Each structure stands twice: as C-alpha cells, then as structure tokens.
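What follows is each chain in one-letter form.
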Amino acid sequence: MIRYFFICLAVFIFGCLAQQFIYGIQLDYGVGKILLLPLFFFCIASVQNYVSTLFFAFIMGLLWDADHCLTFQDSPISDVPPVDNLRFGYSIFLFGIMGFVMKLLQAVIAFRGLLISTVLVFLCLLTYLLLEGMLFYFVRGAVPSGSSILRFILESSGYTSLMAPLLLVALGVLWKLLKIDLDNNASSLITLLKKDTLE
Amino acid sequence: MKPLHIVISVIFLVLAVLVITRSERTVRSIQGVYLNAVSPFIKSGTGFKDKIIAFNREVETSKALEKRLAAESAEFGRLQATQARYIQIEAENARLRAALDFKERIPFNLVSAKVLERTHSAWWKTITIDKGEGSQIATEFPVISEKGLVGKVDRVWNDIATVLLITDESCLVSARVEGSPEFGITSGLLREYGEEALLKLDYLSKDISVEPGTRVVTSGKGGVFPDNIEIGTIVSIEKGPLYSHAIVKPSFSVVDTDLVFSINTAKK
C-alpha cells in the first residue's frame, strides 16, 4: 500500500507540473479552464485511504493557494486592504471536505464504472469551484449578477472531468502492475478496471 | 469512524490552522519557492503555444501575406513620416525646456516582459510575466502596456513575477481626470467573468462636471505609479451627496495584452 501511496504522490506531482504547462497553453480568456490539479486530487482521493486522502488534501491546498492566493502589502495609498482576500490556506479546508466527500463516494465509484465515476468527478469539481467562488465573493462582500461565473464553473468542470477516465484507468493500471493489496477503502479501482478496461 | 481517523483529522485541522495563520511574509516565501520550481513548466507551455501560433501564421496563404505586406508598407511609410515630425517636435521641446530651465525629466527605465499566463480562475485578476528579480523587477513596480497602465508587480521571484491588474478590486491607483482639477482613487469594479472590465474612480467632488470620454491618468501621488500614465476613459459619472464617482473603461485589455513593460521606480 505504501508503494501505491508514493506512486500516487508521483502522479500528483506530475499533475501539478502538467497543470503549469497547460496554464501556459490556454489561450482564451472568458471561458472555462482545464484544472488538472483538482482532477488529480479527486481521482487519487477515490483510490486512497482516509489518512492518505487528508495528506493529499493538505498538499493540494498548499499548492493551490501558492499558485494564486493574493496577499496584501502595505500600500502608500491606503494602509488597510481595500477589500478582503481569502487567507492563504483556505483551500486546505475545502479540499479536506472534498476529500471526505470522495471517500463517501468511493463505493459508488467502485461499482458503477467509468461513466458514473466521471460524472461524480464532474460533480465534485463543480461543487469545489462553487464553494470557492462563493467563499471568495462572500469575503469580498459582493456577488456578481448574471450567469457567466456559473458558466465558467460549468465549463471548467466539464472540460476537466473529460480527462477523468484516463486518469482513473492509469491509476488502476499502476495498481495492477504493482500487484498490491489495497485495503477495503481503496478497492474501487479493482472493480473499476475489471468492469471497464482489463476484462 | 476509527480512533486513528479522528486523531489524523485533528492533526490535519491543526496543521491547516497553522498554515492559515501564517504571516504575509511567510506566505510569500512559500509562494516564492513554489513558483520558482514551476516557472520552467509555465515557460515551456507558453513556448509551445507560441510555436502553435507561429505555425498557424506560416500556413497563411501567400496572397494574404502579400496583401498584408502592402498594407504594412503603407503603414510603415506613414509611421516614418510621423516619426520625423515627432523628432522635430522633440527637438523643439528640448530647446523650449532648456530656454525655460525646466528640470530634466527622468526617463522611464523599462523592462519588457512577455505575458506567460492570464488569470486561470474566474475570481482572481492577475497575470504572470516572464521576468523577475534577475531583470531588476521588484514588488510594487508599475506595469504598463502600449495602451496604458496594466497594474503593479505583486509577487516576484528569480525569473517570473505576477502582476496584480488595475481591474482587481484590491489594486488602488491614485488618479486625476485630465483637463480638470479632479483627483480620485481607482479600483477594479466587480464584473461578470469575461465581461469588459471596468474601474471605479472614487472621491471626485460632488459637483464634478466632466464629459464621458475624458481621459483618466495617474496622478503620481502615492509613490507607486509615475504621473501621466493613461488609465482609461470615463464612461459615466454618478453623483453622490458627499462625493461623486466615475466609471472608467481601462485602456488596456487583458485579452489583447501579450507584452508589458515594468517601470523601474526604485530610488537610486
């Protein structure tokens, strides 16, 4: 199991670097983005045990916030921030919650095949982005009217979750190559692969 | 839930609280380590994108290129004429300044930088540029484009920096309305994602009388942004009982901006 944990960690780091590469490629502004890092987290959370999931949630939150969280600096114009920003580390809590949700969904992912798994990953991404967006606007004290934020969330979740089957299968193949015993919580991929890919 | 899980959950919460209570300085150093590590990947992604764009350009038909060459030759001629006129005016300006004994204005020390990535979330308004401390860029340096003020350097590392855009609500710029005695502070206006960004110019006098379309430029007060950099143009004025505010359309557009310039404002 520990070997599989380190393999998943390596996959996660690969996802982090691939995400940075994809940020550079994405051209359009105003449409949904491919958010590989949360996808990797959700998929890994669906095959790991509770303790490992919390570990990944912690690392995920740190990396996510390091990537884009704003910090206020003293300004000559104003010595107080004009608006509040989310504090660095907020997403550790969010990913912790989402990791817990993934644990609850593990049984469904295990017995319902890749299509349902992809839909579940889509829903988790959607929920995470909604939570983050709501928290951001709550802290800033205003909510934009209209639907384009919702469209961004939907599109981003949609584009990103299209890659979920690939990642789930890859994680399953890695498990198969390692020929290790997973505990009950992490047995989802065995069934998944038997149903959809390997048989 | 097993006892082990409860213990692990408590440890997780304690660690998360420790992280969230870190000082701004610690947070910046964490972000620095992370972005220094991933910057080669952002740059390689941008390089790959550039190759795709270059390839697309190459496959344009020769006829279209010929047409474009003809149009650009005409434009080049026009610009040459304009430049000749500009040189004349500059010389004349220098003579007049010398005659009036004006203090020589310190020229901008500009560092050009390529936009590596635009904000990748609907709620953050930043861009990442391919220059950092290695190119003498520091935090709080103003960033401009050919169209006007873009923002200020927010976080900077060896060869990469992030710029907080003026369209973010947390970016304040001391501004003045051109051709009037009005001064104010601009900040980003909360807008729908993907919609045209707008700014709010606050603290104008309650009986202000300026027309929409009037230019708003930096005032030079506050010490971050040099004066007379174009911010945008006034779209509308909303008068209040104590002071008025104006809605300003910024000159720069995050979609079209690929090359920016950081102004070195460090005191020597």
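Look up a bit, the structure's there.
Residues numbered from 1 in each chain as written. Chains lettered and ligands numbered in written order. Predicted model: local features only at pLDDT ≥ 70, side-chain atom pairs only at ≥ 80, totals over all residues. Heavy atoms only, no water.

1. Thoughts on the overall build of chain A
And then number 1: A tally of helices and strands in chain A yields seven helices and zero strands.
And then number 2: Mapped from its N terminus to its C terminus, chain A presents α and β elements in the order α-α-α-α-α-α-α.
And then number 3: Counting the 199 residues in chain A, one finds 57% classified as buried.
And then number 4: Here the contacts in chain A between residues at least 6 apart in sequence split such that 77% fall between residues at least 24 apart.
And then number 5: Total accessible area on chain A is roughly 8300 Å²; 69% of this is exposed by carbon and sulfur atoms. (Helix = DSSP H or I, 4+ residues; strand = E, 2+ residues; numbered from the N terminus. Buried < 20%, exposed > 50% of the residue type's maximum accessible area, 1.4 Å probe, protein only. Contact = heavy atoms within 4.5 Å. Areas by Shrake-Rupley, 256 points an atom, 1.4 Å probe, with all protein chains shown as cover.)

2. Regarding the overall build of chain B
And then number 1: Each helix and strand counted, chain B has three helices and twelve strands in total.
And then number 2: Scaling as 2.2 N^0.38, a compact globule of 268 residues should have a C-alpha radius of gyration of about 18 Å, whereas chain B reaches 23 Å, well beyond that.
And then number 3: In terms of principal-axis extent, the alpha carbons of chain B reach across some 80 × 60 × 40 Å.
And then number 4: Looking at the 268 residues of chain B, the share that counts as buried comes to 41%.
And then number 5: The contacts in chain B between residues at least 6 apart in sequence include a share of 56% that link residues at least 24 apart.
And then number 6: Accessible surface, chain B as shown: approximately 14800 Å² in total, 59% of it carbon and sulfur.
And then number 7: A gap of 3 Å separates the mean positions of the 34 positive and 33 negative side-chain charges of chain B. (Rg over C-alpha atoms; globule rule 2.2 N^0.38 Å. Lys, Arg positive; Asp, Glu negative; His and termini not counted. Charge placed at Lys NZ, Arg CZ, Asp CG, Glu CD.)

3. With respect to the nonpolar core
And then number 1: If you look at the biggest cluster of nonpolar residues, it comprises 113 residues, and the most contacted ones within it are A:F12, A:F41, A:F42, A:W64, A:Y128, A:L171 and B:W123.
And then number 2: In this view, A:F42 contacts A:F95, A:M98, A:M102, A:C124, A:L125 and A:Y128; residues no more than four positions away in its chain are not counted. (Core = buried A, V, L, I, M, F, W, Y, C linked by side-chain atoms within 4.5 Å.)

4. Points about the interface of chain B and chain A
And then number 1: At the junction of the two partners, chain B supplies 61 residues and chain A supplies 61 residues.
And then number 2: When chain B packs against chain A, the two sides together hide about 5800 Å² of surface, and 68% of this comes from carbon and sulfur.
And then number 3: Here chain B and chain A share zero salt bridges between them.
And then number 4: Counting across the interface, chain B meets chain A through five residue pairs in polar contact (both at pLDDT 80 or more).
And then number 5: Those elements that place two or more of their residues in the side of chain B that touches chain A are α1 (3–20), α2 (24–58), β1 (110–118), β4 (149–156) and β6 (173–177) of chain B.
And then number 6: Residue contributions to the side of chain B that touches chain A peak at 16 residues, all from α2(B).
And then number 7: Among the residues making up the side of chain B that touches chain A, the classes are represented as 32 nonpolar, 16 polar and 13 charged. (Buried area = accessible area lost by both parts, 1.4 Å probe. Salt bridge = Lys/Arg side-chain N within 4 Å of Asp/Glu carboxyl O. Polar contact = N/O pair within 3.5 Å; in protein donor to acceptor, adjacent residues only side chain to side chain. Nonpolar A, V, L, I, M, F, W, Y, C, P; charged D, E, K, R; others polar.)

5. What to know about the sheet that holds strand β8 (residues 199–205) of chain B
All names here are of chain B.
And then number 1: Strands sit in the order β6-β7-β8-β11-β10-β9 around a closed barrel of six strands; the barrel is antiparallel. Strand-to-strand twist of the sheet, defined as the mean angle between neighbouring strand axes without regard to direction, takes the value 40°.
And then number 2: Judged from the four bridges that link them, β6 and strand β7 (residues 183–188) form a sheet pairing that is antiparallel. Directly across from S174, in β7, lies its bridge partner I185. (Pairing = 2+ DSSP bridges. Axes fitted to C-alpha atoms, helices over the stretch in contact; angles between N-to-C directions.)

6. Let's talk about the state of the cysteines
All names here are of chain A.
And then number 1: As enumerated under the stated definition, the model contains zero disulfides over all chains in all.
And then number 2: Here C16 stays free of any disulfide, with the sulfur of C8 as its closest cysteine sulfur at 16 Å.
And then number 3: We classify C16 as buried; its relative accessible area is 6%.
And then number 4: For C124, which is in no disulfide, the shortest distance to another cysteine sulfur is to C43 and amounts to 9.7 Å.
And then number 5: C124 gets classed as buried once you look at its relative accessible area, which sits at 3%. (Disulfide = S-S within 2.5 Å.)

Any link to function would need more than the numbers given here.
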